[in-house]
Amino acid sequence: MSRSLDLGCGRTPKNPFSADEVFGVDYGVRSDLPPNIRLADLVVEPIPFDDDSFEFVTAHDFIEHVPRVLYNPTRRNPFVELMNEIYRVLKVGGAFLSVTPAYPNSAAFIDPTHVNIIAEGTFPLYFADGAPDSPWARIYGFTGAFRRVSEEWRGPHLVTVMQKIPVA
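Notes on the structure follow. (Residues numbered from 1 in each chain as written. Predicted model: local features only at pLDDT ≥ 70, side-chain atom pairs only at ≥ 80, totals over all residues. Heavy atoms only, no water.)

Side note on the pairing of strand 1 (residues 3–7)
Within a regular beta strand, the side chains point alternately toward one face of the sheet and then the other, so they alternate between its two faces. Burial within strand 1 is extensive, with 4 of its 5 residues counted as buried. Here strand 1 runs beside strand 2 (residues 21–26); their pairing, made up of 5 bridges, is parallel. Looking at strand 2, one finds that R3 is bridged to E21. Pairing geometry for strand 1 and strand 4 (residues 54–60), over 4 bridges, is parallel. Residue pairing in the sheet places S4 in a bridge with F56 of strand 4. (Buried < 20%, exposed > 50% of the residue type's maximum accessible area, 1.4 Å probe, protein only. Helix = DSSP H or I, 4+ residues; strand = E, 2+ residues; numbered from the N terminus. Pairing = 2+ DSSP bridges.)

Quick word on helix 1 (residues 78–89)
Counted at 1.5 Å a residue, the expected span for helix 1 with its 12 residues is 16 Å, and the 16 Å between its end C-alpha atoms agrees. Here helix 1 lies mainly inside the structure; 10 of its 12 residues are buried. Taken together, the buried positions of helix 1 are P78, F79, V80, L82, M83, N84, E85, I86, Y87 and V89. (Expected span 1.5 Å × (residues − 1).)

Observations concerning the packing of aromatic side chains
Two aromatic rings, taken as a pair, are described by how far apart their centres are and by the angle between their planes. If you walk through the whole model with that rule in mind, you get 13 aromatic pairs. Judged by centre distance (5.1 Å) and plane angle (80°), the rings of F49 and F54 are edge-to-face. Residue classification places F49 among the buried residues on the basis of a relative accessible area of 8%. On the basis of relative accessibility, which here comes to 0%, the residue F54 falls in the buried class. Ring centres of F79 and F127 lie 5.2 Å apart, and the angle between their planes is 75°; on these two criteria the pair is classed as edge-to-face. Highlighted residues: F79 in helix 1 and F127 in helix 3 (residues 122–127), separated in sequence by 48 residues. Taken individually, F79 and F127 each receive the classification buried, so the pair is uniform in this respect. Of the aromatic side chains, those joined through ring pairs into one cluster are F79, Y87, F96, F123, F127, F142 and F146. We note R38 situated over the ring of F49; from NZ or CZ to the ring centre the distance is 4.0 Å. Cation over ring: K164 sits above Y87, and NZ or CZ is 4.3 Å from the ring centre. (Phe/Tyr/Trp six-rings, centres within 6.5 Å; stacked < 30°, edge-to-face > 60°. Lys NZ or Arg CZ within 6 Å of the ring centre and 35° of its normal.)

Interpretation in functional terms is not warranted from these geometric data alone.
Written out as structure tokens, the structure is:
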């Protein structure tokens, strides 16, 4: 039985991998959420699920809202911390899908809540095996390891799929 987690899902988690069970995490003050959705502010809180819980983690129009740097009260790297959390909850061999408006498309900049501008290469170079000394995010505290499966444009969105691999 496969399980998928959709980050920033609202009331309805997406299920592009057709998993048997679908869960979500959203931020907000809601009391009417279904039991498969948990509340958490993923900028400052961990993903509220156990290690190795999911075959799939998805983030549709979400990653661009997670700051790269935050002073709270000391310097933190919420985007890197979130990538560590995604790695933690995925099973080895599991897939992470990000669908985000990206540079150079203007959709990456129009929304004033977009604070994390993604570009081609962000995921493969910083979180996967896309450069000789990858992943570059190690210097910022990234402890996981991914293999890039694909990265392509769909309109203004950069669609990236990465697979969790064991840390070398």
